[in-house]
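These are the residues of each chain, in order.
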Amino acid sequence: MVEMPFSEAYAKILREEIMPATGCTEPISIAYCAAKAHEVLGMQPTAVTVSVSGNILKNVKSVVVPNTNGLKGIRAAVAAGIICGDAAKGMQVISSVTEEQREAVAHFMDSISIDVSCAETDCPLYISITLYARTSYSRVVIANNHANIVEIMKNGESILKRPIVAQSEDNLTDKSCLNLHDIFTYAEHVDISEVQDLLDMQIRYNMAICEEGLTNDYGANIGKILLSENVSDAKTIARAYAAAGSDARMSGCEMPVAILCGSGNQGITASVPVICYAKHYAIGKERMYRALILSDLLTVYQKAGIGRLSAYCGAVSAGCAAGAGIAYLLGGDESVVAHTLVNSIAMISGTICDGAKPSCAAKIAAAIDTGILGYQMYLHQQQFFHGDGIVAPNADATVQNIGRIASEGMLETDHTIIDIMQKDCK
């Protein structure tokens, strides 16, 4: 039996990072914050003030909030959280909504002052919402990750107060234990029953929203375009399905997604291509489960150095990880997985995140294509070597380089993107 002292930590990381969410996670995080503030206030507010970091602005500005009849933006997310949110549901805070409540969201936005400003903070993920009613008020603050409440206050009395640390993994399992060798070992040897419920949820939710995206009209219909020439190879199917899931999700589809690292797009990108390849080649469930674990953890590994929100497109990390997962699914060993990951990172790193919106689906398709190309390079005995740009002597060092590029090198890029989008803060 293989000793895995890291096994408990890896299982905890998977359970923390893979969870159900309805809608794009940044507006849902706002809705959750608003719902919690409403719960604390205990009455309907007459005025609302909202302060968010630039990266929250970036990822909320252009995406449809589910169950709002097509409304977009921060004010819509706040209104939805107050009118129909159930804070106890976390990232599914507005998953159950009546038609009457949908209509009430728009009425609330028209009749109540919701003042939105961009916070002066170094925290990429920061949301502060204050509700006012008569002489009462409540305030809730979320920081670092999407459901991480760090402050609750009512009428000046502190109910919860935790320091905002300079760490996106605040209140989560320490990810410094992640490395490629141990991730591969865990995926290869873990008792699947320990995480099967989680993986089954990921498969069920993410494939369902992809089917929805291919069936109906969402966004720019990238998934449908990819299948429009009736190409039936595994790579095209994988790209089309994943893109279609994003098509639906970015355009307000109310179906849940199994998110990863706080992102539904990353959750879809890391899982759906592996599932599609397993189905296409009739590969057994156990091998598919292990490939999913590998892809999920490699995504988390890359994102741990990058942060939850940045100028670096998260779908790129997930697409490269999916390529590695497919390499394992098709029989690749640790060396194959490592080469696939490095090859793909070397090709597509630097793709920017300019917010959640329909074009995310196209970036997902490109990232998956690159991840698979990284594997195809290995099959043809081709690779990128140490010294080729950001490629380091091994996969772990290359992942660390990407973390530095995204968290340090792209800070000014992030500021510029946010400045462009800040012209319409609401």
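Structure shown above.
This text gives an overview of the structure that appears in the document. (Residues numbered from 1 in each chain as written. Predicted model: local features only at pLDDT ≥ 70, side-chain atom pairs only at ≥ 80, totals over all residues. Heavy atoms only, no water.)

What follows covers the sheet that holds strand 4 (residues 126–133). Spatial ordering of the open sheet is given by 3-2-4-5-6-7, a layout of six strands whose pairing is mixed. Pairing within the sheet leaves two strands with one partner each, and these edge strands are strand 3 (113–118) and strand 7 (157–161). Neighbour-to-neighbour, the strand axes of this sheet turn through a mean angle of 10 degrees, independent of strand direction. Summarising the sheet, strand 5 (residues 136–143) and strand 6 (residues 149–154) pair through five bridges and their orientation is antiparallel. Looking at strand 6, one finds that serine 138 is bridged to lysine 154. The strands touched by helix 4 (residues 74–84) are strand 2 (47–52), strand 3 and strand 4; relative to strand 2, the strand with the most contacts, the crossing angle is about 125 degrees. (Pairing = 2+ DSSP bridges. Helix = DSSP H or I, 4+ residues; strand = E, 2+ residues; numbered from the N terminus. Axes fitted to C-alpha atoms, helices over the stretch in contact; angles between N-to-C directions. Contact = heavy atoms within 4.5 Å.)

Turning next to the packing of aromatic side chains. One pass over the structure, following the stated rule, counts five aromatic pairs. For the pair tyrosine 10 and tyrosine 186, a centre-to-centre distance of 5.5 Å together with 70 degrees between the ring planes defines the contact as edge-to-face. Within this pair, whereas tyrosine 10 is found in helix 1 (residues 7–17), its partner tyrosine 186 is found in helix 6 (residues 180–189), the two being separated by 176 residues in sequence. The exposure class of tyrosine 10 is buried, given its relative accessible area of 0%. Centroid distance tyrosine 277 to tyrosine 281: 5.9 Å. Interplanar angle 35 degrees. Geometry classified as tilted. What makes tyrosine 277 buried here is its relative accessible area of 7%. Taking relative accessible area as the criterion, tyrosine 281 reaches 46% and is therefore assigned partly exposed. Taken together, the ring pairs connect Phe6, Tyr10 and Tyr186 into an aromatic cluster. The ring of tyrosine 328 has arginine 287 sitting right over it, with the charged end atom 3.7 Å from the ring centre. (Phe/Tyr/Trp six-rings, centres within 6.5 Å; stacked < 30°, edge-to-face > 60°. Buried < 20%, exposed > 50% of the residue type's maximum accessible area, 1.4 Å probe, protein only. Lys NZ or Arg CZ within 6 Å of the ring centre and 35° of its normal.)

A separate point is helix 12 (residues 314–329). Between the first and last C-alpha of helix 12 there are 22 Å, a value that for 16 residues agrees with the 22 Å anticipated at 1.5 Å per step. In terms of burial, helix 12 is a largely internal element, 16 of the 16 residues being buried. Immediately downstream of helix 12, the backbone of glycine 331 shows phi near 105 degrees, a positive value. (Expected span 1.5 Å × (residues − 1).)

To continue, consider empty space enclosed by the protein. Across all of its chains, the model carries two cavities of 30 Å³ or more by this definition. Taken together, 29 residues form the lining of the largest cavity, with Asn59, Ser263, Gln266, Gly314 and Cys353 sitting closest to its centre. Of all the secondary structure elements, the ones that give two or more residues to the lining of the largest cavity are helix 2 (25–41), helix 3 (54–60), helix 9 (234–250), helix 10 (264–280), helix 12 and helix 14 (360–379). Broken down by element, the lining of the largest cavity gets its largest block of residues, three residues, from helix 3. Residues belonging to the lining of the largest cavity are distributed by class as follows: 10 nonpolar, 11 polar and eight charged. In this model, the second largest cavity occupies a volume close to 50 Å³. Glu17, Glu169, Lys175, Cys261, Val300, Lys303, Ala304, Gly307 and Arg308 together form the lining of the second largest cavity. (1 Å grid on protein atoms, 1.4 Å probe; cavity = no way out; pocket = protein on both sides within 12 Å on 5 of 7 lines; lining within 4 Å. Points joined across faces, edges and corners; volume = space filled by probe spheres on them. Nonpolar A, V, L, I, M, F, W, Y, C, P; charged D, E, K, R; others polar.)

With that settled, the discussion passes to unusual backbone geometry. Phi is positive for asparagine 67, close to 60 degrees, though the residue is something other than glycine. Relative to the assigned elements, asparagine 67 resides in the loop between helix 3 and helix 4. Asparagine 67 sits in the buried class, given a relative accessible area of 3%. Look at glutamine 381: it is not a glycine, yet its phi comes out positive at around 60 degrees. You can see glutamine 381 is positioned in the loop between helix 14 and helix 15 (395–409). Assessed through its relative accessible area of 74%, glutamine 381 is described here as exposed.

The next thing to look at is the environment of threonine 413. Locating threonine 413 in the fold gives a position in helix 16 (residues 411–421). Sequence spacing of threonine 413 and tyrosine 312 is 101 residues, and the spatial spacing of their C-alpha atoms is 9.2 Å.

In this section: the pairing of strand 7. The side chains of a regular strand alternate between the sheet's two faces. Burial analysis of strand 7 places just zero of its five residues in the buried class, a small minority of the element. Here four bridges tie strand 6 to strand 7, and the two strands are oriented antiparallel to one another. Across the sheet, residue isoleucine 152 finds its bridge partner in strand 7, namely leucine 160. From the end of strand 6 to the start of strand 7, which pair antiparallel, there are two residues, and asparagine 155 there has a positive phi angle of about 50 degrees.

Tyr186, Ile293, Leu297 and Leu298 are the most contacted members of the largest nonpolar core, which totals 85 residues. The dominant element in this core, judged by the number of residues it contributes, is helix 11 (residues 285–306), at 11 residues. Non-local contacts of leucine 297, meaning those with residues more than four positions away in its chain, are made with Tyr10, Ile13, Leu14, Leu178, Ile183 and Tyr186. The next biggest cluster of nonpolar side chains, apart from the first, holds 49 residues, and it includes Ala31, Val50, Leu57 and Phe108. (Core = buried A, V, L, I, M, F, W, Y, C linked by side-chain atoms within 4.5 Å.)

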